[in-house]
Amino acid sequence: MTTEPYVLVSHTLCPYVQRAIITLTEKAVPFHRVDIDLANKPDWFRVISPLGRVPVLQIGNDALFESAVIVEYLEEVTDQPMHPTDPLEKARHRAWIEMASATLDTIAGLYAAPDAAAFEAKRAALADRLARLNAALDDGPYFSGAKFRLVDAAWAPVFRYLDAFDGIGDFRLLSGTDKIAGYRAALAARPSVRTAVAADYPARLLDHLRQRGSHLSQLMDQPLAAAGTA
Ligand SMILES: N[C@@H](CCC(=O)N[C@@H](CS)C(=O)NCC(=O)O)C(=O)O
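Here is what the cut-offs are and how they apply
- Every residue gets a number counted from 1 within its own chain, in the order that chain's sequence is written.
- Note on the predicted model: pLDDT of at least 70 is required for a residue's local features to be given, and 80 or more for side-chain atom pairs to be given and counted; whole-chain, interface and lining totals, by contrast, use all residues.
- Derived side-chain values reflect all non-hydrogen atoms in the structure, with water molecules and hydrogen atoms excluded from consideration.
- Throughout this document, a residue counts as near a molecule or strand when at least one of its heavy atoms sits within 4 Å of that molecule or strand.
- Polar contacts, as used here, are pairs of N or O atoms within 3.5 Å; protein pairs need one atom able to donate a hydrogen and one able to accept it. Residues neighboring in sequence count only if both atoms are side-chain atoms.
- Per-residue and other accessible areas were derived by the Shrake-Rupley procedure at a 1.4 Å probe size, with only the shown protein chains allowed to occlude residues.
- Put simply, Ala, Val, Leu, Ile, Met, Phe, Trp, Tyr, Cys and Pro go in the nonpolar bin, Asp, Glu, Lys and Arg in the charged bin, and everything else, Gly too, in the polar bin.
- An automatic or database domain assignment supplies the start and end points of every domain.
- The contact criterion used throughout is that any non-hydrogen atoms of two residues lie within 4.5 Å.
- What counts as buried area is the accessible surface, traced by a 1.4 Å probe, that two parts surrender upon association, with contributions from both included.
- Salt-bridge detection follows one rule: a side-chain nitrogen of Lys or Arg within 4 Å of a carboxyl oxygen of Asp or Glu.
- In DSSP terms, a helix is any run of H or I states spanning at least four residues, a strand is any run of E spanning at least two, and both are numbered starting from the N terminus.
- Between buried and exposed lies partly exposed: a residue is buried under 20% and exposed over 50% of the maximum accessible area for its type, with that area taken using a 1.4 Å probe on protein chains only.
- Between 30 and 60 degrees the pair is tilted, below 30 it is stacked and above 60 it is edge-to-face, where a pair is any two Phe, Tyr or Trp rings, Trp via its six-membered ring, whose centres lie within 6.5 Å.
- In this scheme, the term charge over a ring applies when either NZ of a lysine or CZ of an arginine sits within 6 Å of the ring centre and within 35 degrees of the ring normal.
- By arc we mean the arc of the directions from the helix axis to the C-beta atoms, nothing more.

(A) Inspection of the site of the ligand at higher detail. Neighbouring the ligand are C14, P15, Y16, L38, K41, G52, R53, V54, P55, E66 and S67. Contact distances for the ligand include 2.8 Å between a nitrogen atom and a side-chain N or O atom of E66. In isolation the ligand exposes 510 Å². Once the protein is present, 72% of that is buried. Of the residues assigned to the shell around the ligand, the class counts are 6 nonpolar, 2 polar and 3 charged.

Printed below as a string of structure tokens:
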């Protein structure tokens, strides 16, 4: 591992950035965080980020992009493993990290849905993804038991959106689930998860959701009407 401190190029709200920060924190790897404005990307960022996305981890003169690649690199250069060692179990965890990414896509579709019909379709899709997560969870407190893993770093940011949605209305996202509440609480209490965002993150996220001009944005202007009417 390089002796130079890592630089994590970030954005205040990005859930993929949170995965990298949680992993760096869990592994006690020193780093500097540099937040950029994604609506006005600096030229130097365009050079190091071929896809134009955060996170990017700068390691000396090298730069890694894609959160999955970043956390797998950190896993290889540190000696505190966060993946299981059994190959099949490790592969299963990687699959559920992909599922967390797909769930973030569904969440983005939900908060961008332009009308009630599109919103309902995304709401049902998100509830289905969460039901499948519920079925995959072990006895807790984390995804596969007592140890906090990379897969947990991937799911923790998902629940930050649910926290925001809970303040807007009851969208019946967790109906019939029996394990997610405990999992969500354990993730929210984890110090690395708590410190992965700034204190003003909840307000910033609500502001972001309100500015989408979407069906959800409209519900935010009439929160009482939103209850149970997704
Ligand atoms: N697959 C990527 C997704 C990263 C991503 O979607 N980043 C968003 C912010 S959360 C971004 O930088 N978007 C800017 C853009 O696409 O122009 C990863 O895991 O790193």
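(B) Fine view of the domain arrangement of the protein. In terms of domains, the protein is made up of domain 1 (6-77) and domain 2 (87-228). Placing a centre on the C-alpha atoms of domain 1 and another on those of domain 2 gives a separation of 22 Å. Contact with domain 1, which involves 15 residues of that partner, is made by 24 residues of domain 2. Interface area lost by domain 1 to domain 2 is led by L13, R19 and I22, which between them contribute 37%. Remark: the boundary between domain 1 and domain 2 carries 2 salt bridges. Note that R94 is salt-bridged to E72, the shortest N-O span being 2.9 Å. Linking domain 1 to domain 2 there are 6 residue pairs in polar contact (both at pLDDT 80 or more). Listed by contribution, the elements that provide at least two residues to the side of domain 1 that touches domain 2 are α1 (15-26) and α3 (67-77).

(C) Looking closely at the pattern of salt bridges. The full count for this structure, using the stated rule, is 11 salt bridges. The closest approach of N and O atoms between D128 and R132, which form a salt bridge, is 2.9 Å. Highlighted residues: D128 and R132, both in helix α5 (residues 116-136), separated by 4 residues, approximately one helical turn. Since its relative accessible area comes to 38%, D128 is described here as partly exposed. For R132, a relative accessible area of 48% corresponds to the partly exposed category. One connected set of salt bridges, linked through shared partners, spans D163, D166 and R184.

(D) Up close: the packing of aromatic side chains. Taken as a whole, this structure holds 8 aromatic pairs when the rule is applied. Aromatic pair F159 and Y183: ring centres 6.0 Å apart, planes at 90°, arrangement edge-to-face. Residue F159 is located in helix α6 (residues 150-166), and its partner Y183 is located in helix α7 (residues 180-189); the two are separated by 24 residues in the primary sequence. Comparing F159 with Y183 shows no difference in burial state: the two are buried. The interplanar angle of 70° and the centroid separation of 6.5 Å between the aromatic rings of F165 and F171 together place this pair among those described as edge-to-face. In this pair, the class of F165 matches that of F171, namely buried. Feature note: the residues F119, F165 and F171 constitute an aromatic cluster, connected by ring pairs. The ring of Y201 has R160 sitting right over it, with the charged end atom 5.6 Å from the ring centre.

(E) Region of interest: α3. Listing the buried residues of α3 in full gives S67, I70, V71, L74 and E75. Along the long axis of α3, the arc covered by the buried residues comes to 140°, so they all point the same way. Where α3 is buried, its residues meet β1 (6-10), α1, β3 (56-59), β4 (62-65) and α6.

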